[in-house]
Amino acid sequence: MKMLTTQMSGLLQRISGSEEEMIGMTARLLAQATAGEGRVFIAAFGELGAVSANAIRGQEPLKGAVRYHGEQIDSTDRVWILTRSASDEEALELARRLSEQFIPFAAVADEPEDAEGNELAELASAYVSLGVKRGLLPSDDGGRTVFPHALAALFVYEAVRMDYEDLLAEYS
């Protein structure tokens, strides 16, 4: 338990230190829609659906956020794509479509496993890396275990939500 706590704490501190600027940019991007006449769509894939559930139905929801279900998105809207891997084809398909329509969006994901670049990060207006490149703890078989993508994404969500609420308070 102590080793897990130490590793989780380290992960969250790395995100806090290296992604602070992108977290702020994500909050500003999403606040543009809410302060205007747009909607904030949460497009969460895989286990990062936990963030969508929290943003829509949690105790402290993201004001104006709706779950993305393939609706028509226009230039007043903003989209927040959350996926475990930047190589997720479904997330990349949405990102490409938004980019072609000149609709700004933010993304949260881990870096792709191949070293050929990160298309999701290149397309996004703001990109937050989860920094979970391998399991946090060694396993008995010599590999690694504990891949806390959802937990790291929930941490990013809370950081974005706090900045977002501050920005909306300034707009009012």
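Residues take numbers from 1 onward in each chain, read along the sequence in its written order. Residues qualify for local features only when their pLDDT is at least 70, as the model is predicted, and side-chain atom pairs are given and counted only at 80 or more; totals for whole chains, interfaces and linings, by contrast, use all residues. Processing note: side-chain calculations cover all non-hydrogen atoms of the structure and skip hydrogens and water entirely.

Undergrad: Describe helix α2 (residues 20–35), listing the residues and the values that go with them.
TA: Relative to the 22 Å expected for 16 residues at 1.5 Å per residue, α2 spans 22 Å between its end C-alpha atoms, a close match to the ideal helical length. Of all the positions in α2, only Ile 23, Gly 24, Thr 26, Ala 27, Leu 29, Leu 30, Ala 31 and Ala 33 are classed as buried. Taken together, the buried residues of α2 touch α1 (2–18), β1 (40–44), β3 (78–85), β4 (105–110), β5 (126–129) and α6 (149–171). Per the convention used, a helix needs a DSSP run of H or I reaching at least four residues, while a strand needs a run of E reaching at least two, with both numbered from the N terminus. Every helix has an expected span of 1.5 Å times one less than the residues it contains. Burial classes: relative accessible area under 20% of the type maximum marks a residue as buried, over 50% as exposed, and values in between as partly exposed (1.4 Å probe, protein chains only). Whether two residues touch is decided by their heavy atoms; if any such pair falls within 4.5 Å, the residues are in contact.

Undergrad: Can you break down the sheet that holds β1 residue by residue, with the values?
TA: Only strands that DSSP links by at least two bridges are regarded as paired with each other. The parallel open sheet is built from 5 strands, whose spatial order is β2-β1-β3-β4-β5. With partners counted over all chains shown, the strands left at the sheet margins are β2 (65–67) and β5, one partner each. Here the strands of the sheet are splayed against their neighbours by 20 degrees on average, with no regard to which way each runs. Direction of pairing for β3 relative to β4: parallel, over a ladder of 5 bridges. In the sheet register, Val 79 faces β4, and the bridge partner there is Phe 105. Geometry is summarised by axes, namely lines fitted to C-alpha atoms with helices restricted to the contacting stretch, and by angles between N-to-C directions that run from 0 to 180 degrees.

Undergrad: Tell me about the pairing of β4, and name the residues and values.
TA: Taken residue by residue, a regular strand's side chains alternate between the two faces of the sheet. In terms of residue burial, β4 counts as a mostly covered element, since 6 of its 6 residues are buried. Of the two faces of β4, the one holding Phe 105, Ala 107 and Ala 109 and the one holding Ala 106, Val 108 and Asp 110 are both buried throughout. By convention a crossover is right-handed if, when the strands point away from the viewer, the path from the first strand over the helix to the second runs clockwise. Handedness of the crossover is the feature at issue here: the chain leaves β3, passes through helix α4 (residues 89–100), returns alongside β4, and the resulting connection is right-handed.

Undergrad: A description of the packing of aromatic side chains should follow, citing residues and the corresponding values.
TA: Two descriptors summarise a pair of aromatic rings, namely the distance from one centre to the other and the angle between the planes of the rings. Stacked, tilted and edge-to-face are the three classes applied to pairs of Phe, Tyr and Trp rings, where Trp contributes its six-membered ring and a pair requires centres within 6.5 Å; stacked means planes under 30 degrees apart, edge-to-face means over 60, and tilted covers the rest. Taken as a whole and judged by the stated rule, the model has 2 aromatic pairs. Ring plane angle 85 degrees and centroid distance 5.9 Å describe the contact between Phe 41 and Tyr 68, whose orientation is recorded as edge-to-face. Of this pair, Phe 41 sits in strand β1 while Tyr 68 sits in the loop between β2 and β3; the two residues are 27 residues apart in sequence, bridging distant segments of the chain. The buried category is assigned to Tyr 68, whose relative accessible area is 16%.

Undergrad: Lay out the packing of α1 against α6 with the relevant residues and their values.
TA: Packed helix pairs are characterised by how far apart their axes lie and by the angle those axes make with each other. It is at 11 Å that the axes of α1 and α6 come closest, and there the two elements cross at 40 degrees. Relative to α6, the element α1 lies oblique. Between α1 and α6 the crossing geometry is right-handed. Residues Met 8, Leu 11, Leu 12, Ile 15 and Ser 16 of α1 pack against Leu 151, Ala 152, Phe 155 and Val 156 of α6. Tallied by class, residues from the contact of α1 with α6 come to 8 nonpolar, 1 polar and no charged. Oblique is the label for any angle not under 35 degrees, not over 145, and not in the 65 to 115 range, which are roughly parallel, roughly antiparallel and roughly perpendicular in turn. Throughout, a crossing is termed right-handed when the near helix is turned clockwise from the far one, and left-handed when it is turned anticlockwise from it by less than a right angle. In this classification, Asp, Glu, Lys and Arg are treated as charged, Ala, Val, Leu, Ile, Met, Phe, Trp, Tyr, Cys and Pro as nonpolar, and every other residue, Gly included, as polar.

Undergrad: Give a detailed account of the environment of Phe 45, specifying residues and quantitative values.
TA: In this structure, Phe 45 sits in the loop between β1 and α3 (49–57). By relative accessible area, Phe 45 is classed as buried at 11%. Along the primary structure Phe 45 and Glu 90 are separated by 45 residues, whereas in three dimensions their C-alpha atoms are 8.1 Å apart. Leaving out residues up to four positions away in the same chain, Phe 45 has contacts with Ile 81, Leu 82, Thr 83, Asp 88, Glu 90, Ala 91 and Leu 94.

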